[in-house]
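Given next are the chains, with one letter for each unit.
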Amino acid sequence: MNYRVVFNNIGKLMMVEGIVMLFPLLTALIYREWSYALAFLVSIGVSFIAGALMSLIRFGTREIRAMDG
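A short tour of the structure in this document, coming up. Just so you know, these numbers come straight off a predicted model, no measurement behind them. (Residues numbered from 1 in each chain as written. Predicted model: local features only at pLDDT ≥ 70, side-chain atom pairs only at ≥ 80, totals over all residues. Heavy atoms only, no water.)

**Structural notes on a nonpolar patch on the surface**
Piece 1. Taken together, the side chains of Met 1, Tyr 3, Phe 7 and Met 67 make up a nonpolar region of the molecular surface, amounting to roughly 450 Å² of accessible area.
Piece 2. Judged by its relative accessible area of 44%, Met 1 falls in the partly exposed class. (Patch = residues over 30% accessible without salt bridge, like charges linked within 9 Å, V, L, I, M, F, W, Y side chains within 5 Å. Areas by Shrake-Rupley, 256 points an atom, 1.4 Å probe, with all protein chains shown as cover. Salt bridge = Lys/Arg side-chain N within 4 Å of Asp/Glu carboxyl O. Buried < 20%, exposed > 50% of the residue type's maximum accessible area, 1.4 Å probe, protein only.)

**A short note on the nonpolar core**
Piece 1. If you look at the biggest cluster of nonpolar residues, it comprises 5 residues: Met 21, Leu 25, Ala 28, Ala 37 and Ile 44.
Piece 2. Among the secondary structure elements, those contributing two or more residues to this core are helix H2 (22-30) and helix H3 (34-55). (Core = buried A, V, L, I, M, F, W, Y, C linked by side-chain atoms within 4.5 Å. Helix = DSSP H or I, 4+ residues; strand = E, 2+ residues; numbered from the N terminus.)

**Structural notes on unusual backbone geometry**
Piece 1. The backbone phi angle of Arg 32 is positive, close to 55°, even though this residue is not glycine.
Piece 2. The residue Arg 32 is located in the loop between H2 and H3 in this model.
Piece 3. On the basis of relative accessibility, which here comes to 63%, the residue Arg 32 falls in the exposed class.

**Regarding H3**
A turn of α-helix holds 3.6 residues, and therefore any two residues three or four places apart point the same way.
Piece 1. For H3, spanning 22 residues, the distance from its first C-alpha to its last is 31 Å, which sits close to the expected 32 Å at 1.5 Å a residue.
Piece 2. Burial in H3 covers these residues: Ala 37, Ile 44, Ser 47, Gly 51, Met 54 and Ser 55. Buried residues of H3, viewed axially, fall in a sector of 135°; they line one side. Of the exposed residues in H3, those oriented more than 90 degrees away from the buried face are Trp 34, Ser 35, Leu 38, Val 42, Val 46, Ile 49 and Leu 53. (Expected span 1.5 Å × (residues − 1). Arc of directions from axis to C-beta.)

**Brief notes about the environment of Leu 38**
Piece 1. Here Leu 38 shows up in helix H3.
Piece 2. Assessed through its relative accessible area of 54%, Leu 38 is described here as exposed.
Piece 3. A sequence separation of 13 residues divides Leu 38 from Leu 25, and the C-alpha atoms of the two residues are 8.4 Å apart.

Shape is all these values report; function is a separate question.
Rendered as structure tokens:
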């Protein structure tokens, strides 16, 4: 199993998830739900940083096999 390719792809997905969570954060800020806004900020930060670290893993081949799925 090619763990580097798997971690790289999951890292990119986690970064996209962090970006998409900006919309609920904006909604929480508009409605002045500060506790929810803080929870979204922490979640965005954790998912984006973890995703960035995982996507930094370099890999030799970009080939994804059935076993990697």
